[in-house]
Amino acid sequence: MTAHSKIILSVDGMTCGSCASRVNRALAAVPGVDEVSVNLAADTATVKLADGSVTAEALMAASTEAGYPARLSDEHIRDQQRARKEAEAQTALRRAVLAAVLTLPVFLVEMGGHLIPALHHFIGQTIGHQTSWILQFLLTTLVLAGPGRDFYAKGFPALAKGRPDMNSLVALGTAAAYSYSVIATFLPGLLPDAVRAVYFEAAAVIVVLILTGRFLEARAKGRTGAAIQTLLKLQARSARVKRDGDVVDVPVDDIQPGDIIVLRPGERIAVDGEVTEGSSHVDESMLTGEPLPVVKSKGAEVTGGTVNGAGSLEFRATRVGGDTTLSQIIRMVEEAQAAKLPIQGLVDRITLWFVPAVLLIATVTVLAWLLTGAPVTLALVAGVSVLIIACPCAMGLATPTSIMVGTGRAAELGVLFRKGDALQRLSTVDVVALDKTGTLTEGRPEMTDLILADGFDRAEVLARVAAVEVRSEHPIAQAITRAAKAEEADTLTAEEFTAIPGFGAKATVAGQVVLVGADRLMDREGIDIAALKQTESDLASLGKTALFAAIDGQAAAVIAVSDPLKPTTPAAIQAFHDEGLHVVMLTGDKRETARAIADELGIDQVVAGVLPDGKVEVLKALQDEGNIVAFTGDGINDAPALAQSDVGIAIGTGTDVAIEAADVVLMSGDLRGVVNAHQVSTRTLGNIRQNLFWAFGYNVALIPVAAGVLYPAFGLLLSPMLAAGAMALSSVFVLTNALRLRRVRAVLGDPS
């Protein structure tokens, strides 16, 4: 195992935030573990290793020893886990229904007797109150021993090990109410007549309410992973592959790089590849957000998970298995969903000590009531209410559920958070720095002007310049070579070609030394460009990029290219401003060219004439001023700037998603994706704060009420049944609130 590797475990038995904290602590204690992130909503633990000495077996043993069995998580295990969650939801429903059926007579007889005096007298005159209590005992025993047995099977052992959890709180609370009621029923002499009462209905109803809450939780948890389910459904199960002269159906796992795959109309593409034969339109909207099908013919790349149109294609598999684009996307989303945000650290520290603190508060509550001379029944009710209402389920679910739903919705909008903490950082940015070429613009410039110096011929100059530029992959170079081809200029060969990053290029063509590049290249080489300087300035003021060409030491021409803005760029810049963000454009172009584009778009700040390394310095300067900076670039040339920024956002192409320097990858080459990423980030962090406020506020407000602080003044004492209902509802509220993120809409419409 290599250093700094990562292991994902599937963990069973976690039911609350304190469970997750204990798994976290157990795994973090294993020597060689660097970082642990436990996701209660997904039942997973992601462990980053500092060295290669840690084995998966050691981690699984540590988690199992802590009381939470763990297994290595892979696609098969994840499928099993999803099926198990569905089964758990159905099991919880069956248990809740059975418990409710058994509890209903107990509740109606006991609570009905309190609320309706006539019913109380009717029971006394018919079967008698003692018989009524015995029947309640029998039904409640069935509830606790049947549907509610898991609380005791898990809660009491955890308590005995000194690691109490939510099950411990429920087990203690219901056992206290049940035991007191059993004594009142069968050993009445041990209690004074004034305090002889039964609370069978409280114990039974608590179990019903918590089981109902668990069913609702399980169902909602399943919905939090809906985005991953959608992505997994995009994976083809098999493909038609040419083998030994025949076309045979092959499971997708058996496809090898180099296999030729035959694709029929309407079929889903199984793996990434390159078209070798045929022509068709392919729907890539599920991956890139682009609504229009893309034409694919020989030499074009196709992506697994996309859908073929009406034509037939053959393509050679290039990336299979875990290397495909779709597999990378699924992996990115899962890693982001398993991430622990900085905001989660405080929650973990609190929930780790929360259950022991609640046990202490419940004990103090009972003692305080007894010391004031209050009846033991009131002390019991208050203590049980504290135990039940304080279960920290909502706290444990508050952050991971929002992360899962938020990152999943982002993926559906074509935004992939590669690093989970970027989800939180992006919500705090106040400056958005943008590369120009390919980010603000189409990235496909065209030559618009070729203005010659005296004594030079257009065809000869264009042929020599094109011979140099054909050796370069820069978009501007490609624009010049396309123009030369369109004008049918002579095809010449460049020798001794030298690319000069940030300046231009130099080569020998037909025995003449040709220079093509910015004015700084001409200055460096000692070329006099005074006669063409004004022409260059005039072109730059129109928003065009102007280059110089020199032949054998003399300025020969000014070449202007124009890279049109993407149609959606103006709306995206306006959206940034609407969100209060400061927009900065970074470009290697001359200031006049950059300023013309910035004025057209309303960009706040322009830094022009900056080389790739210079972008890093600009970002550092912005950060030194106290700004949180997001930088958006194409993810290739801008890797240093992406790494330097607080949040690096790479504009992808739909297939180039494995960009290591970026925190966020956009599947579509559209600035609206940055707006959507910021929107999802802001909404998700807001959702997390709402959940945490509710979870903590609920406990802070209701634990004292459960303990009875309102009883002396108002005669109000919280019933254990109401406490159980409130506890269950708090978790359901948190989950339901997180699920609202599924309704987040693209700010400017889906990227297209």
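Named according to an unreviewed UniProt entry, the protein chain is Copper-translocating P-type ATPase originating from Actibacterium pelagium. Under the heading Sequence similarities (unreviewed entry), UniProt records this for the protein chain: "Belongs to the cation transport ATPase (P-type) (TC 3.A.3) family. Type IB subfamily."

Comments concerning the nonpolar core
Note on soluble globular proteins: their nonpolar side chains tend to be buried together. Core analysis: the largest hydrophobic core is formed by 73 residues, its most contacted members being Leu-9, Met-14, Leu-27, Leu-59, Phe-417, Ile-573 and Phe-576. Ranked by residues supplied to this core, first place goes to helix H24 (residues 672–707) with seven residues. Once residues lying within four places of it in the same chain are set aside, the contact partners of Phe-576 are Val-432, Leu-434, Leu-581, Val-583, Leu-671, Val-674 and Val-675. Of all hydrophobic cores here, the second largest spans 51 residues; its members include Ala-99, Val-170, Val-355 and Val-381.

Here's the deal with the environment of Ile-573
In this structure, Ile-573 sits in helix H20 (residues 569–578). For the pair Ile-573 and Val-432, spaced 141 residues apart in sequence, the C-alpha to C-alpha distance is 9.8 Å. With residues up to four places along the chain from it excluded, the contact list for Ile-573 reads Leu-434, Leu-440, Val-583, Leu-601, Gly-602, Ile-603 and Leu-671.

Overview of the packing of H20 against H24
In the contact formed by H20 and H24, the axes pass within 8 Å of each other and the chain directions differ by 25 degrees. Taken together, the axes of H20 and H24 lie roughly parallel to each other. Judged by the sense of rotation from one axis to the other, the crossing of H20 with H24 is left-handed. Between H20 and H24, the contacting residues are Ala-572, Ala-575 and Phe-576 on the first element and Arg-672, Val-674 and Val-675 on the second.

A word on the sheet that holds strand E19 (residues 512–517)
The strand order across the open sheet built from six strands is E16-E21-E20-E19-E18-E17, with neighbouring strands paired in antiparallel fashion. Edge positions in the sheet fall to strand E16 (446–452) and strand E17 (494–500), since each of these pairs with one other strand and no more. The sheet shows a mean angle of 20 degrees between the axes of neighbouring strands, taken without regard to direction. In the sheet, strand E20 (residues 545–551) pairs with strand E21 (residues 554–562) via seven bridges, with the strands oriented antiparallel. Each residue of the ladder has a partner; that of Leu-547, found in E21, is Ile-559.

Regarding a positive patch on the surface
A contiguous patch of positive charge on the surface is contributed by Arg-683, Arg-740, Arg-743 and Arg-745. Among the structural elements, Arg-745 can be located in the segment after helix H26 (720–739).

Some details on the UniProt feature "transmembrane region" (unreviewed entry) in the protein chain
Look at the UniProt record and you will see "transmembrane region" (unreviewed entry) annotated at residues 92–111, 131–148, 169–191, 197–216, 350–371, 377–399, 692–711 and 717–735. For residues 197–216, the end-to-end C-alpha separation is 33 Å, with 85% helix and 0% strand making up the annotated structure. End C-alpha atoms of residues 692–711 are separated by 28 Å, and the span's content is 85% helix alongside 0% strand.

Section: the sheet that holds strand E9 (residues 280–283)
The sheet built from three strands is open, its strands ordered E10-E9-E12 with antiparallel pairing. The outermost strands of the open sheet, each flanked by one partner alone, are strand E10 (294–296) and strand E12 (307–308). In terms of strand pairing, E9 meets E10 through three bridges, oriented antiparallel. Paired with Ser-280 across the bridge in E10 is Lys-296.

Focus: helix H13 (residues 376–389)
If you check H13, its first and last C-alpha atoms are 20 Å apart, about what 14 residues at 1.5 Å a residue would give, namely 20 Å. Summarising burial for H13: 13 of the 14 residues are buried, a large majority.

Describing the environment of Asp-670
Mapped onto the fold, Asp-670 is located in the loop between strand E26 (664–666) and H24. Linking Asp-670 and Thr-439, residues 231 residues apart in sequence, is a C-alpha distance of 7.3 Å.

Remarks on the pattern of salt bridges
Pairing between side chains of opposite charge can happen when their charged atoms approach one another. Counting across every chain of the model gives 16 salt bridges. The salt bridge involving Arg-264 is made with Glu-267; its shortest N-O contact spans 3.0 Å. Judged by its relative accessible area of 41%, Arg-264 is partly exposed. The partner of Arg-458 in a salt bridge is Glu-487, and the shortest N-O contact between them spans 2.7 Å. Remark: Glu-487 occurs in the loop between helix H17 (475–486) and E17 and Arg-458 occurs in helix H16 (residues 458–469); sequence separation between them is 29 residues. Connected through salt bridges with shared partners, the residues Lys-506, Arg-524 and Glu-525 form a single ionic network.

Structural notes on the side chain of Asn-308
Within the secondary structure layout, Asn-308 lies in strand E12. A relative accessible area of 3% means that Asn-308 is categorised as buried. At 3.1 Å, the side chain of Asn-308 and the backbone oxygen of Arg-264 are in polar contact. Not counting residues up to four positions away in its chain, the partners in contact with Asn-308 are Leu-263, Arg-264, Pro-265, Gly-266, Glu-267, Ser-280, His-281, Val-282 and Leu-313.

Quick word on the packing of aromatic side chains
Tallying each qualifying case throughout the model produces seven aromatic pairs. Aromatic side chains Phe-137 and Phe-186 sit 5.0 Å apart centroid to centroid with 80 degrees between the ring planes, which places their arrangement in the edge-to-face category. Taken together, the positions of Phe-137 in helix H5 (residues 129–145) and Phe-186 in helix H7 (residues 166–186) put the pair 49 residues apart, joining distant regions of the chain. A network of ring pairs unites the aromatic residues Phe-137, Tyr-178, Phe-186 and Phe-200 as a single cluster. Above the plane of the ring of Phe-503 lies Arg-520, whose end atom (NZ or CZ) is 5.8 Å from the centre. Between the NZ or CZ atom of Arg-524 and the centre of the ring of Phe-503, over which it lies, the distance is 5.2 Å.

Some words on the pairing of E21
In terms of residue burial, E21 counts as a mostly covered element, since seven of its nine residues are buried. Note: E16 against E21, six bridges, orientation antiparallel. Bridge pairing in E21 links Met-447 to Val-561. Turn length for the E20-E21 hairpin, with the two strands adjacent in sequence and antiparallel, is two residues, and the turn residue Asp-552 shows positive phi of about 50 degrees.

Definitions and limits used
Residues numbered from 1 in each chain as written. Predicted model: local features only at pLDDT ≥ 70, side-chain atom pairs only at ≥ 80, totals over all residues. Heavy atoms only, no water. UniProt positions renumbered as here; feature names shortened; annotations may be inferred. Core = buried A, V, L, I, M, F, W, Y, C linked by side-chain atoms within 4.5 Å. Buried < 20%, exposed > 50% of the residue type's maximum accessible area, 1.4 Å probe, protein only. Helix = DSSP H or I, 4+ residues; strand = E, 2+ residues; numbered from the N terminus. Contact = heavy atoms within 4.5 Å. Axes fitted to C-alpha atoms, helices over the stretch in contact; angles between N-to-C directions. Parallel < 35°, antiparallel > 145°, perpendicular 65-115°, else oblique. Left-handed = near helix turned anticlockwise from the far one by under 90°. Pairing = 2+ DSSP bridges. Patch = residues over 30% accessible without salt bridge, like charges linked within 9 Å, V, L, I, M, F, W, Y side chains within 5 Å. Areas by Shrake-Rupley, 256 points an atom, 1.4 Å probe, with all protein chains shown as cover. Salt bridge = Lys/Arg side-chain N within 4 Å of Asp/Glu carboxyl O. Lys, Arg positive; Asp, Glu negative; His and termini not counted. Charge placed at Lys NZ, Arg CZ, Asp CG, Glu CD. Expected span 1.5 Å × (residues − 1). Polar contact = N/O pair within 3.5 Å; in protein donor to acceptor, adjacent residues only side chain to side chain. Phe/Tyr/Trp six-rings, centres within 6.5 Å; stacked < 30°, edge-to-face > 60°. Lys NZ or Arg CZ within 6 Å of the ring centre and 35° of its normal.

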